[in-house]
Amino acid sequence: MKSWTIKISIVALITHVFLIFMGPYIVMNQLDRNIADAIENPFDGCEDTYDGIIGYLDQVCISKRSSTRMPNYDFMYTMCRYDLANGDLFVSMPVPEDERYWVVHVHNNNTTVEFKINNLQIENERYEFLVTSSNNQNEEIKKIKTTNKGTVFWRLLVNTADEISKLDEFRRTTVCEYR
């Protein structure tokens, strides 16, 4: 009986350690597969969800994906999934003029948040930064040092359904490009 308890404990410990260290990578690799599938096989009405590496995710298109459960209908989501093997990622995004909630996160490929900022911390009409894996900090633009792969993800609060098309135009001025 004692040997079975030890064996089960060892298997449980190994499984736990494996999931702690490998789980985030499994999640992010699944995200890559889901994005590739959404680009290759878009649902009706969701053909313009992705423009290059930028994803303009809305509630209807998100809810059609089997991998997404219960999207928050109060937000519009935008994301750039990046691979710095293609160069540093320059990001320029519009900032809401009003007090509307807007937040940006930069996630490593292991899901660690490297950077977070919201609209109340920004006074300009646009916010720009460079996602990089290098240590060169000579430029004027904000640099976020991170792993080679990751995601820039931001949310924009939707107050009423009437403003969705206006907010969609607003967020589609976002730029994510390799430099």
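Remember, predicted model here, so these are calculated numbers, not experimental data.

Chemist: Even after reading the chapter, I still don't get the packing of aromatic side chains, so can you show me in this structure?
Modeler: Each aromatic ring pair is described using two quantities: the centre-to-centre distance and the angle formed by the ring planes. Using the criterion set out here, one finds six aromatic pairs in the structure. Relative to Y127, the ring of F115 has its centre 6.4 Å away and its plane inclined at 5°; by these criteria the two rings are stacked. Of the two residues, F115 sits in strand β6 (residues 113-118) while Y127 sits in strand β7 (residues 126-132), which places them 12 residues apart along the sequence. When sorted by exposure, F115 lands in the same class as Y127, which is buried.

Chemist: Teacher, can you tell me more about helix α3 (residues 164-171) here?
Modeler: Residues lying three or four places apart along an α-helix face the same way, a consequence of the helix completing one turn every 3.6 residues. Looking at α3, one finds that the buried residues are L167, D168 and R171. Mapping the buried residues of α3 onto a view down its axis gives an arc of 105°, with all of them on the same face. Pointing more than 90 degrees away from the buried face of α3 are the exposed residues S165, K166 and E169. Buried residues belonging to α3 abut β2 (54-57), β3 (75-83), β4 (89-94) and β9 (149-157).

Chemist: What am I meant to see in the sheet that holds β4 here?
Modeler: In sheet architecture, strand pairing relies on hydrogen bonds along the backbone and comes in two forms, parallel and antiparallel. Strand order in this open sheet of four strands is β8-β7-β4-β10, and the pairing throughout is mixed. Unpaired on one side and paired on the other, β8 (142-145) and β10 (175-178) mark the two borders of the sheet. Put simply, the sheet's adjacent strands are angled 20° from each other on average, direction ignored. Bridge count for β4 against β7 is six bridges, and the pairing is antiparallel. From the neighbouring strand, P94 faces β7, where its bridge partner is R126.

Chemist: Honestly, the sheet that holds strand β1 (residues 50-51) in this entry has me stumped. Any pointers?
Modeler: Across the sheet, six strands lie side by side as β1-β2-β3-β9-β5-β6; this open sheet has antiparallel pairing. In this open sheet, the two edge strands, each paired with only one partner strand, are β1 and β6. Here seven bridges tie strand β5 (residues 102-108) to β9, and the two strands are oriented antiparallel to one another. The residue bridging W102 from the neighbouring strand is L156, located in β9. Here helix α1 (residues 2-40) sits on the sheet and contacts β1, β3, β5 and β9; the angle it forms with β3, its principal contact strand, is near 105°. Each of β2, β3 and β9 touches α3; the most contacted strand, β3, lies at about 20° to it.

What counts, and at which threshold
Residues numbered from 1 in each chain as written. Predicted model: local features only at pLDDT ≥ 70, side-chain atom pairs only at ≥ 80, totals over all residues. Heavy atoms only, no water. Phe/Tyr/Trp six-rings, centres within 6.5 Å; stacked < 30°, edge-to-face > 60°. Helix = DSSP H or I, 4+ residues; strand = E, 2+ residues; numbered from the N terminus. Buried < 20%, exposed > 50% of the residue type's maximum accessible area, 1.4 Å probe, protein only. Arc of directions from axis to C-beta. Contact = heavy atoms within 4.5 Å. Pairing = 2+ DSSP bridges. Axes fitted to C-alpha atoms, helices over the stretch in contact; angles between N-to-C directions.

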